[in-house]
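# A look at the structure
Chain by chain, the residues run as shown.
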Amino acid sequence: MFKQFYPYHLIISYFKDHLHLDISTQFIDCADLQLPKDFSLQTGIKVNKNIGLGFNLYPDFYYEADKLSVMSANVIINNYGNPATIKWESNSGRIYTLSDTDIDCDDIEFWFEGLDPLEYQKQLHANNELPFQLKNLTYELVVTALNMDMTIEMSLKEEQYANATKHLDNIDKMIDDYNNKSIKKDREDGVVHNWRRRIESDKLIYEIDTGSAGVLFLKKLLKHLSTLNCFNKVEIL
């Protein structure tokens, strides 16, 4: 995503001239191997020519190299700048800096924090507010907010009230299966960190930290809920 809009020499020159920092081509390459995938996992949006990274909109650019390193950035969507944070750490415990040239891309891990999938979707497609397309759902879907930590309220059909606990167990199994399959693939599809669930009146309520699984998991969950055919309405808060 670093190289989506600008070639190496312009990125390096900008960091040096405006941010007073040296950034290596090796750092850029390793980041670009991982950040697009993390962006897609969290947002459900595939990186394309209209999506990239910028730093020039930050009057107070922030960078710190530590065991958990952080750098402020702009996610650029159709020329709109959106504040976000890039973070990285290493499996080995090594502290990688922007200027390092001997970076092991298999050791360093990059990810985003502070992404806003709904806003990005509006900037890409004004008439479609969801970061995914789901057709023929068996319930009404309402998305009020879309974050990594989300609450999902599922209104049961009247004839399904007695089966509420069974449906909770079914959904739990779906989440467990998703995590286990991803772990077997070296966490290729991310992992749901944790969740809590309860029954309130005619609703099943899940509080989910989608972790590294993000919107990719959410899309699969919503499809799974549709196959159960037991809800009138599903709302993401």
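One can find the structure itself at the top, above this paragraph.
Description of the structure in this document. (Residues numbered from 1 in each chain as written. Predicted model: local features only at pLDDT ≥ 70, side-chain atom pairs only at ≥ 80, totals over all residues. Heavy atoms only, no water.)

As a further point, take the overall build of the protein chain. A count of helices and strands for the protein chain gives five helices and 10 strands. A principal-axis box enclosing the C-alpha atoms of the protein chain has dimensions of 65 × 40 × 25 Å. Across the 237 residues of the protein chain, 46% fall into the buried class. Counting contacts in the protein chain only where the partners sit at least 6 residues apart, residues at least 24 apart contribute 64% of the total. For the protein chain, the computed accessible surface area is about 12300 Å², with 46% contributed by carbon and sulfur atoms. (Helix = DSSP H or I, 4+ residues; strand = E, 2+ residues; numbered from the N terminus. Buried < 20%, exposed > 50% of the residue type's maximum accessible area, 1.4 Å probe, protein only. Contact = heavy atoms within 4.5 Å. Areas by Shrake-Rupley, 256 points an atom, 1.4 Å probe, with all protein chains shown as cover.)

An ideal rise of 1.5 Å per residue puts 21 Å on 15 residues; helix α5 (residues 214–228) measures up with 22 Å between its terminal C-alpha atoms. Three or more residues of α5 are buried, namely Gly-214, Val-215, Phe-217, Leu-218, Leu-221, Leu-222, His-224, Leu-225 and Ser-226. Asn-229, located one to two residues past α5, shows a positive phi value of around 50°. (Expected span 1.5 Å × (residues − 1).)

A few words now on empty space enclosed by the protein. Within the structure shown, the criterion is met by one cavity of 30 Å³ or more. Considered as a void within the structure, the largest cavity measures approximately 40 Å³ in volume. Lining the largest cavity are Gln-42, Pro-117, Leu-146, Asn-147, Met-148, Met-150, Thr-210, Gly-214 and Val-215. The class makeup of the residues in the lining of the largest cavity is five nonpolar, four polar and no charged. (1 Å grid on protein atoms, 1.4 Å probe; cavity = no way out; pocket = protein on both sides within 12 Å on 5 of 7 lines; lining within 4 Å. Points joined across faces, edges and corners; volume = space filled by probe spheres on them. Nonpolar A, V, L, I, M, F, W, Y, C, P; charged D, E, K, R; others polar.)

Under the counting rule described, the total for this entry stands at 10 aromatic pairs. Look at Phe-39 and Phe-112: their rings are 6.3 Å apart centre to centre, the planes differ by 75°, and that puts the pair in the edge-to-face class. Placement of Phe-39 in helix α2 (residues 25–43) and of Phe-112 in strand β5 (residues 108–113) is noted, with a sequence separation of 73 residues between them. Taken individually, Phe-39 and Phe-112 each receive the classification buried, so the pair is uniform in this respect. Aromatic pair Trp-88 and Phe-110: ring centres 5.8 Å apart, planes at 40°, arrangement tilted. With Trp-88 in strand β4 (residues 80–90) and Phe-110 in strand β5, this residue pair connects regions lying 22 residues apart in the sequence. Just as Trp-88 is buried, Phe-110 falls in that class too. Grouped by ring-pair contacts, the aromatic residues Phe-27, Tyr-63, Trp-88 and Phe-110 constitute a single cluster. (Phe/Tyr/Trp six-rings, centres within 6.5 Å; stacked < 30°, edge-to-face > 60°.)

One pass over the structure, following the stated rule, counts one disulfide. Disulfide pairing places Cys-30 opposite Cys-105 at an S-S distance of 1.8 Å. Looking down the S-S bond of the Cys-30 and Cys-105 bridge, the torsion is -80°, so its handedness is left-handed. Here Cys-30, found in helix α2, pairs with Cys-105, found in the loop between β4 and β5; they are 75 residues apart in sequence, far enough to count as distant. (Disulfide = S-S within 2.5 Å.)

Before going further, it helps to examine the nonpolar core. In terms of nonpolar packing, the biggest core is built from 34 residues, with Phe-2, Phe-15, Phe-39 and Ile-86 touching the most fellow members. Those elements that place two or more of their residues in this core are α1 (8–18), α2, β1 (51–54), β3 (69–77), β4, β5 and α3 (117–124). If one sorts the elements of this core by residue count, α2 sits on top with six residues. Setting aside anything within four residues of it in sequence, one finds Ile-86 in contact with Phe-2, Leu-35, Leu-53, Ser-69, Val-70, Met-71, Ala-73, Phe-110, Trp-111 and Phe-112. Ranked by size, the runner-up nonpolar core spans 30 residues in total, among them Leu-156, Ala-213, Phe-217 and Val-234. (Core = buried A, V, L, I, M, F, W, Y, C linked by side-chain atoms within 4.5 Å.)

Counted as a void, the largest pocket has a volume near 860 Å³. Every residue lining the largest pocket is counted, 24 residues in all, and those nearest its centre are Gln-34, Glu-109, Phe-110, Arg-187 and Ser-212. If one sorts the elements of the lining of the largest pocket by residue count, α2 sits on top with six residues. Split into classes, the residues belonging to the lining of the largest pocket amount to eight nonpolar, seven polar and nine charged.

As a further point, take the packing of α2 against α5. Remark: α2 packs on α5, axes separated minimally by 3 Å, with the N-to-C direction vectors making an angle of 35°. For α2 against α5, the interelement crossing comes out left-handed. Residues Leu-41, Gln-42 and Thr-43 of α2 form the contact with α5, whose own contacting residues are Gly-214, Val-215 and Leu-216. Looking at the contact of α2 with α5, its residues break down into three nonpolar, three polar and no charged. (Axes fitted to C-alpha atoms, helices over the stretch in contact; angles between N-to-C directions. Left-handed = near helix turned anticlockwise from the far one by under 90°.)

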